[in-house]
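Here is how the chains run, residue by residue.
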Amino acid sequence: MLTAFARAFKTPDLRKKLLFTLGIIVVYRVGTHIPIPGVDYRNVQTCIDNAQANQGLFGLVNMFSGGALLQITIFALGIMPYITASIILQLLTVVIPRLEALKKEGQAGTAKITQYTRYLTIALAILQGTGLVATARSGALFQGCPVASQIVPDQSIFVTITMVITMTAGTAAVMWLGELITDRGIGNGMSILMFISIAATFPSALWAIKQEGSLAGGWIEFGTVILVGFAMVGLVVFVEQAQRRIPVQYAKRMIGRRSYGGTSTYIPLKVNQAGVIPVIFASSLLYIPALIAQFAGGTSGWKTWIEQHFVKGDHPYYIATYFLLIVFFAFFYVAISFNPEEVADNMKKYGGFIPGIRAGRPTAEYLSYVLNRITWPGSLYLGLIALVPTMALAGFGANQNFPFGGTSILIIVGVGLETVKQIESQLQQRNYEGFLR
C-alpha cells in the first residue's frame, strides 16, 4: 500500500489532485477553530474544560462539525445542514412528481436538484444557526458550567444577527469547499470533509478514556477500546462489502448485420443497502423529545418522564426505541431508494432477464423478495453497531468519549473504502498496481 501511495505521488496529475484535497482539508480544519464575532472564547473554553456538554442534544452535530459546534466557530454547523438538505430532497423526489421528472432528465436534472439542495442548505443553516445562538445565549449549550450564560455577553439584536449570518456563511463556505474537492480533488468532497470532521475527534476521545480509566493508569481501558475499535472496523468492512449478486442475461439481438447483447452481468444488492441514513434518521427523531423538554419551562410530569427515559441515552426505553427506529428506517429508505418495478422494466426494455424468472412483474416480485431478505440482517447490523456507545457506557462511564461506535465508524469506513477505490482506479488507468492485489 505504501508503494501505491509513492506511485500516486509520482504521477503529476494525481499528485496535484491529492495535494489539492489536502490543502482544502487544512483550510477546513483552520476554519473550525476561528470563533465567530460576539462570543467570549475564554468562557467557551472554560465550559468545554470544566463542564459536560449537552451531548444528548448536540452530540451528533458536534461530531459532524469536528468539535466546532461546541466551540461556536465559523464552521460550527459543519456539513450537517447539507446532509439534512440532501436527505430531504431525496425523500421529496419520491413524493413530488416534478422532482422525479428532473431526476430522470439526466445531468441537467441532477444539476437542478443540486441547486435546490444548495438553497435548502442555506435555509437550514439560518434555522440551525438561530437555534444554536439562542441556546448559547440561554446557557443551555453546556450543563453545570458557571459561566455558560456569559458565552454571549452582548445579547443585542445586531450581534445575534451577525452571529447567525457568520455561521450561515461558514456553512456555504463548507459546501463550496466540498464541491471543490469533488471537482478538482479525489473522492466525494462532502464525504471527505465528513470523514475529517469525525476523525479529528478520535485522539481527544481516546485520551479522555485513558485519563478516566482506573486500571493500570487507564492503559487497560485504552487498549481495550483500541482492540474493540479494530474488531468493529473489520466487522463493518465485511458487512459493507457484502452483497447479493443477482445474475442477469441479455439475449442476442440482430440490428442490421451486427449482433448485440448475449452478455451476462449481475445486479449487486448490498446487505446494507441504506448505508448510514437510518442511524441519522433515528438519532434526529429521538432528539426531538429531548429538545422539547430542554426548552420547556416548569417541572411538569411529562418533562420529567422524558428527561428520565430519553435524555441520557442509557435507559431501556431509549435503547429499544432507537433500535426499532433504525430497523424501520432501514426498510423505509431501501423502499424509496431502490424500485424493483423500475429495474424490472428497464431489464425487459433492453432484453434482459434473470435465469429462471419471467421478465416483467415476476422479476420485480423476485427482486423485492431478495431485497427484503437481505435488508433484515443489514438493519439488525445497523442497530447493533449504533448501540455500541450505549453498551460502552456501562463499561467506561462516558458515552460521549467512546469514538468507535454508531454513525462515526460507519461513515469513516464507508468513506475510506470509497476513496481508496477511486485512487486505485486512477492508478489502474495508468497501468499501476492498485492498493488491493
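Since we're looking at a predicted model, the values are computed, not measured. (Residues numbered from 1 in each chain as written. Predicted model: local features only at pLDDT ≥ 70, side-chain atom pairs only at ≥ 80, totals over all residues. Heavy atoms only, no water.)

### Some points on the packing of aromatic side chains
Within the structure shown, the criterion is met by 8 aromatic pairs. Judged by centre distance (6.1 Å) and plane angle (15°), the ring pair of Phe328 and Phe332 falls under stacked. Placement of both Phe328 and Phe332 in helix α15 (residues 316-337) is noted, with a separation of 4 residues, approximately one turn of the helix. Overall, the relative accessible area of 49% leaves Phe328 in the partly exposed class. Phe332 gets classed as partly exposed once you look at its relative accessible area, which sits at 35%. Counting every residue linked through ring pairs, the aromatic cluster contains Phe281, Phe328, Phe329 and Phe332. (Phe/Tyr/Trp six-rings, centres within 6.5 Å; stacked < 30°, edge-to-face > 60°. Helix = DSSP H or I, 4+ residues; strand = E, 2+ residues; numbered from the N terminus. Buried < 20%, exposed > 50% of the residue type's maximum accessible area, 1.4 Å probe, protein only.)

### Observations concerning the nonpolar core
Leu269, Val279, Tyr322 and Leu410 are the most contacted members of the largest nonpolar core, which has 63 residues in total. Residue contributions to this core peak at 8 residues, all from helix α17 (residues 361-386). With residues near it in sequence (within four places) discarded, Val279 still touches Tyr322, Ile326, Leu382, Ala386, Thr407 and Leu410. Ranked by size, the runner-up nonpolar core spans 24 residues in total, among them Val44, Leu69, Ala125 and Val159. (Core = buried A, V, L, I, M, F, W, Y, C linked by side-chain atoms within 4.5 Å. Contact = heavy atoms within 4.5 Å.)

### Some points on the confidence of the model for the protein
Detailed reading of the predicted model is not advised wherever pLDDT is low. When the pLDDT values of the protein are averaged, the result is 80; 83% of them are 70 or greater. Taking the mean pLDDT of every element in the protein, the minimum, 51, falls on strand β1 (residues 52-53) and the maximum, 91, on helix α9 (residues 157-184). (pLDDT = per-residue confidence, 0-100.)

### Description of a nonpolar patch on the surface
Side chains of Ile88, Leu92, Val94, Val95 and Ile96 sit close together on the surface and give an oily, nonpolar patch of about 370 Å² of accessible area. Counting through the fold element by element, Ile88 comes out in helix α6 (residues 80-95). Judged by relative accessible area, Ile88 falls into the partly exposed class, the value being 31%. (Patch = residues over 30% accessible without salt bridge, like charges linked within 9 Å, V, L, I, M, F, W, Y side chains within 5 Å. Areas by Shrake-Rupley, 256 points an atom, 1.4 Å probe, with all protein chains shown as cover. Salt bridge = Lys/Arg side-chain N within 4 Å of Asp/Glu carboxyl O.)

### Let's talk about the sheet that holds strand β3 (residues 243-250)
Two strands in a sheet stick together by hydrogen bonds in their backbones, pointing the same way (parallel) or opposite ways (antiparallel). Pairing in this open sheet of 3 strands is antiparallel, and the strands run β6-β3-β7 from one edge to the other. Bordering the open sheet on either side are β6 (264-270) and β7 (352-353), each of which pairs with just one other strand. The sheet contact formed by β3 and β7 spans 2 bridges and is antiparallel. Residue Gln249 lies in a different strand from β7, and its bridge partner there is Phe353. (Pairing = 2+ DSSP bridges.)

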